[in-house]
Amino acid sequence: MVAQAARQGRHLQRFTRTGLRLVVGCIPYKFEEDIRMEPIGQSLQVLVISSQNGQELMFPKGGWEIDESIRDAVHREAMEEAGVKGVIERILGKWRYMGKADKSYKYGFMYPLNVKEELLQWPEMGTRHRTWMAADKAREACKQPWMREALDRLQRRLTGGTAANSPCTAIAKMCTSERSAP
């Protein structure tokens, strides 16, 4: 299988009326298989990628182009930068943030991506590394406040508020008490 080439250039980029570049991104996630039935907050795994210079960990994101829908752009960025495909879920939010490289403000949209397939080859595999990690570890590793906030929103959504109150925690407690019953 040959990896597609990543799109290049800014000539197709979308901008707000005030000139902010529109960026889309996602938090690729899955649940770790766990026979101990750990609470959902502990088994949530997210995929982080290295920045192109390798100095930072982040979630896949990039420019939303004029010839694609927002969901098509999210799928494209996930495939190009992280080599994953999956189901895009309800938006986590919108943020205005300053880009690190050019120090210009951007307007970003973040979505959860429930990963269904990991590609062996992808367009940016030579310049980015991908790593699955527990959501709490990813929060510590990610330096961009708006991405940490998006991750917090995803965790709250998937756990129903807090891991201690999640349906999976209740199931785990029932299974534990059944195992310890005489």
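Treat the numbers as computed from the prediction; the structure is a model and nothing was measured.

## Observations concerning the overall build of the chain
- A count of helical and extended segments in the chain gives five helices and eight strands.
- Here the chain holds 182 residues, and the buried ones make up 46% of them.
- Of the accessible surface of the chain, which amounts to about 10,200 Å², a share of 53% is contributed by carbon and sulfur atoms.

## Some thoughts on the pattern of salt bridges
- Applying the stated criterion across every chain yields a total of nine salt bridges.
- The salt bridge involving glutamate 77 is made with arginine 76; its shortest N-O contact spans 2.8 Å.
- Of the charged contacts, one joins aspartate 152 and arginine 139 as a salt bridge, the two residues approaching to 2.7 Å between their closest N and O atoms. With aspartate 152 in helix 4 (residues 145–159) and arginine 139 in helix 3 (residues 135–141), this residue pair connects regions lying 13 residues apart in the sequence.
- For arginine 139, a relative accessible area of 33% gives the class partly exposed.

## Considerations on the side chain of glutamine 144
- Tracing the chain through its elements places glutamine 144 in the loop between helix 3 and helix 4.
- Taking relative accessible area as the criterion, glutamine 144 reaches 6% and is therefore assigned buried.
- A polar side-chain atom of glutamine 144 sits 3.1 Å from a polar atom in the side chain of glutamate 56.
- Once residues lying within four places of it in the same chain are set aside, the contact partners of glutamine 144 are Glu56, Met58, Lys61 and Lys100.

The rules we used
- Residues numbered from 1 in each chain as written.
- Predicted model: local features only at pLDDT ≥ 70, side-chain atom pairs only at ≥ 80, totals over all residues.
- Heavy atoms only, no water.
- Helix = DSSP H or I, 4+ residues; strand = E, 2+ residues; numbered from the N terminus.
- Buried < 20%, exposed > 50% of the residue type's maximum accessible area, 1.4 Å probe, protein only.
- Areas by Shrake-Rupley, 256 points an atom, 1.4 Å probe, with all protein chains shown as cover.
- Salt bridge = Lys/Arg side-chain N within 4 Å of Asp/Glu carboxyl O.
- Polar contact = N/O pair within 3.5 Å; in protein donor to acceptor, adjacent residues only side chain to side chain.
- Contact = heavy atoms within 4.5 Å.

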